[in-house]
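# Tertiary structure, described
Residue-level listing of the chains:
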Amino acid sequence: MNGIFISKGESLIRLSKPYTDRAEQEAIADVLASGYLSQGKNVSKFESMLAEYVGTKYAFATSSCTTALHLSLVVLGIGPGDEVIVPDFTFPATANVVIQQQAVPILVDIDLDTFTINIEDFSAKITPKTKAVIPVHLFGLSADMSPVLRLAKKHGFAVVEDAACALGAHYKGKKCGALGDMACFSFHPRKSITTGEGGMITTDDDQLAGEIELLRAHGASRTDGRFTFQKAGFNYRLSEIQGAIGIRQMDKLDWILERRRKLADYLSKQLGPFKNLTRPIEPRYARHTFQSYVVLLDQNLNRDKIIKDMAQQGIETTIGTYALHSQPFFSQKYHYQESDIPYSQRAYEGSLTLPLYPTMSENEMAKIIDALYEVINANYKG
Ligand SMILES: *Cc1c(COP(=O)(O)O)cnc(C)c1O
């Protein structure tokens with residue numbers, strides 16, 4: 001039974017908890033009873049709900065955000081020798097898909113206050129080989145998209161939003177996912193809504209849409225009830241079971257987002273007096289989803305020790321995300337030193353994600369705040 005029960009006989013407060021109820025259970029049962037399990041009318045409905053919500057002409061469901069990102073680069077024709085600009089502080093999938101296409105991810109630094117792409121470094125790393133940029137709306141906060149879009153237009157390359165964390169996020173009154181040439185969402189259980197695994201590509205572009213649809217399902221088109229194979233495609237489809245869950249999750253999205261914002265706001269107020277950490281901000285241009293609530297700890301604090309001590313108190317916390325350049329694969333392949341991308345490295349070493357989920361109780365919230373206060377004081381070497 002090791003690992004199931006924790007000290008004090010209390011249950012672990014988890015980092016996140018997907019929010020599902022009977023609606024999802026019944027939807028799954030209905031799909032199973034129908035006998036139609038692969039991409040069909042449930043997936044189509046989920047796609048139109050999401051397209052309408054985000055405000056794009058098209059939305060295509062995929063098996064994950066990673067496959068969505070990969071497919072986006074494929075339809076843009078990204079290949080060997082091309083360069084794609086990626087912020088260094090992100091989940092590795094954002095850069096891995098570039099490498100899958102034998103292109104080179106050009107890693108750029110972030111701003112420490114927002115954890116999103118640093119425009120100065122981005123601008124400095126544009127070359128004639130740059131074919132796309134993948135701005136990441138990290139933790140649910142939109143990247144500063146106006147300068148990103150301006151630079152892309154000036155130099156003639158594409159913008160693919162990594163909106164994995166950003167369903168429901170806004171930038172200057174527009175929804176994230178409707179800003180670039182394409183955008184990719186994730187329905188992994190840690191994101192705003194979930195289908196277990198799953199993703200979506202949004203776009204307004206008719207030609208890209210046609211290519212996405214073709215390549216998502218084996219490169220096959222159907223005429224007179226028969227398939228003909230036009231290209232060497234993939235199978236990146238979402239199942240009907242996941243599509244049906246997605247529909248029910250879309251029904252809950254407004255409530256989930258509202259709860260997350262309220263809880264994040266409460267947490268920020270309570271953390272106000274803490275001297276040894278920086279709270280997440282919401283710039284004027286943005287509306288945050290708080291997919292993750294991430295603080296930056298003072299350099300005097302050992303973040304990994306804090307994670308361990310919080311676990312001792314029965315509270316699951318984790319790092320913000322990864323500085324790609326200092327991960328073994330990237331540092332060995334592209335010969336990076338840790339100091340090459342300094343703000344990202346600082347964020348990788350000092351960021352801490354606190355638990356946040358829509359059904360969090362007042363009691364759980366109080367425990368998190370009390371434990372963090374105690375753990376930080378015990379660890380501070382000021
Ligand atoms: C979660 C996440 C991904 C990967 O999403 P999957 O659906 O798990 O493939 C990519 N980028 C970012 C920023 C993420 O947070």
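About the criteria used
Residues numbered from 1 in each chain as written. Predicted model: local features only at pLDDT ≥ 70, side-chain atom pairs only at ≥ 80, totals over all residues. Heavy atoms only, no water. Phe/Tyr/Trp six-rings, centres within 6.5 Å; stacked < 30°, edge-to-face > 60°. Helix = DSSP H or I, 4+ residues; strand = E, 2+ residues; numbered from the N terminus. Buried < 20%, exposed > 50% of the residue type's maximum accessible area, 1.4 Å probe, protein only. Pairing = 2+ DSSP bridges. Axes fitted to C-alpha atoms, helices over the stretch in contact; angles between N-to-C directions. Contact = heavy atoms within 4.5 Å. Domains from an automatic or database assignment. Salt bridge = Lys/Arg side-chain N within 4 Å of Asp/Glu carboxyl O. Polar contact = N/O pair within 3.5 Å; in protein donor to acceptor, adjacent residues only side chain to side chain. Near = heavy atom within 4 Å. Areas by Shrake-Rupley, 256 points an atom, 1.4 Å probe, with all protein chains shown as cover. 1 Å grid on protein atoms, 1.4 Å probe; cavity = no way out; pocket = protein on both sides within 12 Å on 5 of 7 lines; lining within 4 Å. Sits in = over half its atoms within 2 Å of the grid points. Nonpolar A, V, L, I, M, F, W, Y, C, P; charged D, E, K, R; others polar.

### Comments concerning the packing of aromatic side chains
Inspection of every chain in the model, using the stated rule, returns 13 aromatic pairs. Geometrically, the ring pair formed by Tyr-58 and Phe-60 is stacked, given 5.9 Å between the ring centres and 15 degrees between the ring planes. Relative to Phe-115, the ring of Phe-89 lies with its centre 5.6 Å away and its plane at 45 degrees, an arrangement referred to as tilted. On the criterion of sequence distance, the pair formed by Phe-89 in the loop between β2 (83–87) and α4 (93–100) and Phe-115 in the loop between β3 (104–108) and α5 (119–124) is long-range, its members being 26 residues apart. Its relative accessible area of 1% is what places Phe-89 among the buried residues. The rings of Phe-89, Phe-115 and Phe-139 are connected pair by pair, giving a single aromatic cluster.

### Details of the sheet that holds strand β8 (residues 182–186)
Reading across the sheet, the seven strands line up as β1-β9-β8-β5-β4-β2-β3 and stay open at both edges, with mixed pairing between neighbours. Looking at which strands have only one partner, the edges of the open sheet turn out to be β1 (58–62) and β3. Neighbour-to-neighbour, the strand axes of this sheet turn through a mean angle of 25 degrees, independent of strand direction. Two elements, β8 and strand β9 (residues 199–203), share five bridges in a ladder whose sense is antiparallel. Considered in β9, the bridge of Met-182 is made with Thr-203. Its contacts with the sheet put helix α7 (residues 206–216) on β1, β8 and β9, and the angle it makes with β1 is roughly 20 degrees.

### Considering the domain arrangement of the protein
Domain boundaries in the protein define domain 1 (22–246) and domain 2 (253–379). Each partner contributes residues to the interface: domain 1 has 40 residues there, and domain 2 has 36 residues. Applying the counting criterion to the domain 1 and domain 2 interface returns zero salt bridges. Inspection of the region where domain 1 meets domain 2 yields 14 residue pairs in polar contact (both at pLDDT 80 or more).

### Focus: the pairing of strand β10 (residues 220–223)
Note that β10 and strand β11 (residues 226–229) share four bridges and pair antiparallel. The partner of Ser-221 across the bridge, within β11, is Thr-228.

### Some words on the sheet that holds strand β7 (residues 174–175)
Here three strands make up an open sheet; going across it, the order is β7-β6-β13 and the pairing antiparallel. If you trace the sheet from one side to the other, it starts and ends with β7 and β13 (286–287), each paired once. In terms of strand pairing, strand β6 (residues 170–171) meets β13 through two bridges, oriented antiparallel. Directly across from Tyr-171, in β13, lies its bridge partner Ala-286.

### Observations concerning the site of the ligand
Around the ligand sit 14 residues in total, of which Cys-65, Thr-66, Asp-162, Ser-186 and Lys-191 are the nearest. Interatomic distance of 2.7 Å between a side-chain N/O atom of Ser-186 and an oxygen atom of the ligand. One of the side-chain N or O atoms of Lys-191 is found 2.6 Å from an oxygen atom in the ligand. Relative to its unbound accessible surface of 380 Å², the ligand loses 90% to contact with the protein. A molecule is said to occupy a pocket when more than half its atoms come within 2 Å of that pocket's grid points, and by this definition the ligand occupies the largest pocket. Each residue belonging to the shell around the ligand can be placed in one class, and the counts come to five nonpolar, seven polar and two charged.

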